[in-house]
Amino acid sequence: MTLVIEPGWVWDADHGLRTGHHVVVRDGAIADVTPHRPTMDAERITAPDSLLMPGLINLHNHAMSGPLFRGLADELAPGDLPGHIVFSLLMPLGDVAAALMTEEDIGDAVEMALLEGLRSGTTGLLDVYRVQQWPFIERAKRIGLRSWSCPYLFSETVGMGADGKPIYTPTDNTGFEATLKLFERFDEGRHGVTRVGFGPHGPDSNTPELLKRVDAKARELDTIVSIHAAQNLIEIDRVKAAHGVGSIEHLRRLGLLRPGVVLAHGMFATDEEMAMIAREGAALASCPLAFARSGRFVPLARMEAAGLRLGIGTDGVTLDMLHELRTAAVFAKVQSGTPHGLAAPRILRAATRDAALALGRDDLGLVAKGARADLVMFDLSSSRYQPVWDPLKSLITNGSASDLTLAMVEGRVLLRDGRPTTVDAAAVTRRGRAAIERVWREAAKRGAIPASIAARAAIPLQG
């Protein structure tokens, strides 16, 4: 089937903003982008007040974390947690989820999160999760989203002692072999919709030997690596104590500061380390809302000044990429003291073309002949946009996910007129909510949700 889309504006980072163009989609690809109205027999979508652009790519996410931690990790007061949020709430609650949830429960929870992402214009995402949460792959396929799965690897599991400090415990079950099995079962190759890579949790929780093994295997399989790096001071101090250098230099020495590697956060990377990332060719996925909820600005202006390949992720705090992009743009402006820091075209490029290139896909993140047809369209006819001076500025400054009218991956329409087409949204939400509420109740009983936080729950946590 051939589809002709006739929007008011067409944008991508390489070609800029175009008006009066028609986009022809056929066999999963963009067959043409032309100022001349095609006369062929085709289905047509005419939307003169709409902006058509590449689908957004979420470069660092935890789909399970979205619903699992929703509301629990926000607005924490002194005394709510005995230590760092990662070690005293996120990982303990994740442990309960891993022990309790069935494959069906996991699928239901992540499908609800993925639906949230789709509804905000996300067509592809790199997701990191515990290897037991592999049903993510099947649910992403069910919805039709493009996915890069990077299951966690650990040389040492990380827990928390009574003093609130992290405890690292060696493990033989690193997740490496399990990840290889998932790769063999699900990976569709360089140009596939479904990809499987490696997700070593961090340079503090993985030995150099395991990280070297990951690097070698990822190169052999032509797949990606995602790793948290310079995300907190505990990690940095531990790496320096063990190896005498910071996290970024440590990864460089191990071969993991190169194209095909996505570093998550880089929150505490120095200017010199950011410049190193830029020189070596790795990408950095920044997740501003994840740190903002703890009262910290992600240093986006410094990241941009370093010239590194920057992508944006939601980290599971929300899966609303439009919200995340607005937050990133505002943070960069405040930090730089200028009104043009990470302006609309720049932040959209980070979430489309640059993210695609970070993942080794030069045929994504474009609205151009021959590119794969991963596209989204926002209706800008609402009063919140009017009058439209610049559609990109309007979308980033005033846009709402509710104005998404079309989303497709490989030319397959996943959302039309604002409604998902591949799944029953109400049923997905109902099942996902029930699965997470069961985990919350058990986690509260086990103390994985501290009593001070459990007391504020809007749902009964007993029974």
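What you see is a predicted model; the values in this text were computed from it and never measured.

### A few points about the nonpolar core
Next, step 1: Ranked by internal contacts, the top residues of the largest apolar core, which has 140 residues, are Met-53, Leu-68, Phe-136, Leu-263, Leu-300 and Leu-325.
Next, step 2: If one sorts the elements of this core by residue count, helix 2 (residues 85-100) sits on top with 9 residues.

### Things to note about the sheet that holds strand 7 (residues 122-127)
Next, step 1: Taken in spatial order, the 4 strands line up as 6-7-8-12 in an open sheet, and their pairing is parallel. Of all strands in the sheet, those bounded by a partner on one side alone are strand 6 (56-61) and strand 12 (194-196). Across this sheet, the average inter-strand angle for adjacent strands is 10°, counted without regard to direction.
Next, step 2: By the bridge criterion, 3 bridges tie strand 8 (residues 146-149) to strand 12 in an arrangement that is parallel. Looking at strand 12, one finds that Ser-149 is bridged to Val-196.

### Digging into the pattern of salt bridges
Next, step 1: In total, this model carries 37 salt bridges according to the counting rule given.
Next, step 2: With its nearest N and O atoms 2.8 Å apart, the salt bridge here joins Glu-410 to Arg-146. Of this pair, Glu-410 sits in the loop between strand 19 (404-409) and strand 20 (412-416) while Arg-146 is found in strand 8, placing the two residues 264 residues apart along the sequence.
Next, step 3: For Arg-361, the salt bridge goes to Asp-363, with nearest N and O atoms at 2.8 Å. With respect to class, Arg-361 is no different from Asp-363; both count as buried.
Next, step 4: Residues joined by salt bridges that share partners form a network here, namely Glu-104, Asp-108, Glu-111, Arg-139, Arg-142 and Arg-431.

### Quick word on helix 6 (residues 208-221)
Residues spaced three or four apart along an α-helix face the same direction, because each turn holds 3.6 residues.
Next, step 1: The end-to-end C-alpha separation of helix 6 is 20 Å, in line with the 20 Å expected for 14 residues at 1.5 Å each.
Next, step 2: All of the buried residues in helix 6 are Pro-208, Leu-210, Leu-211, Val-214, Asp-215 and Ala-218. Down the axis of helix 6, the smallest arc covering the buried residues is 160°, so these residues share one side. Away from the buried face of helix 6 by more than 90 degrees, exposed residues Glu-209 and Glu-220 are located.
Next, step 3: Elements that come into contact with the buried residues of helix 6 comprise strand 9 (152-153), helix 5 (176-186), strand 13 (199-200), strand 14 (225-229), helix 7 (233-243) and helix 8 (247-253).
Next, step 4: Where helix 6 terminates, the next one or two residues include Asp-222, which has phi positive at roughly 55°.

Each value, and the rule that gives it
- Residues numbered from 1 in each chain as written.
- Predicted model: local features only at pLDDT ≥ 70, side-chain atom pairs only at ≥ 80, totals over all residues.
- Heavy atoms only, no water.
- Core = buried A, V, L, I, M, F, W, Y, C linked by side-chain atoms within 4.5 Å.
- Buried < 20%, exposed > 50% of the residue type's maximum accessible area, 1.4 Å probe, protein only.
- Helix = DSSP H or I, 4+ residues; strand = E, 2+ residues; numbered from the N terminus.
- Pairing = 2+ DSSP bridges.
- Axes fitted to C-alpha atoms, helices over the stretch in contact; angles between N-to-C directions.
- Salt bridge = Lys/Arg side-chain N within 4 Å of Asp/Glu carboxyl O.
- Expected span 1.5 Å × (residues − 1).
- Arc of directions from axis to C-beta.
- Contact = heavy atoms within 4.5 Å.

These figures come from the coordinates and say nothing about function on their own.
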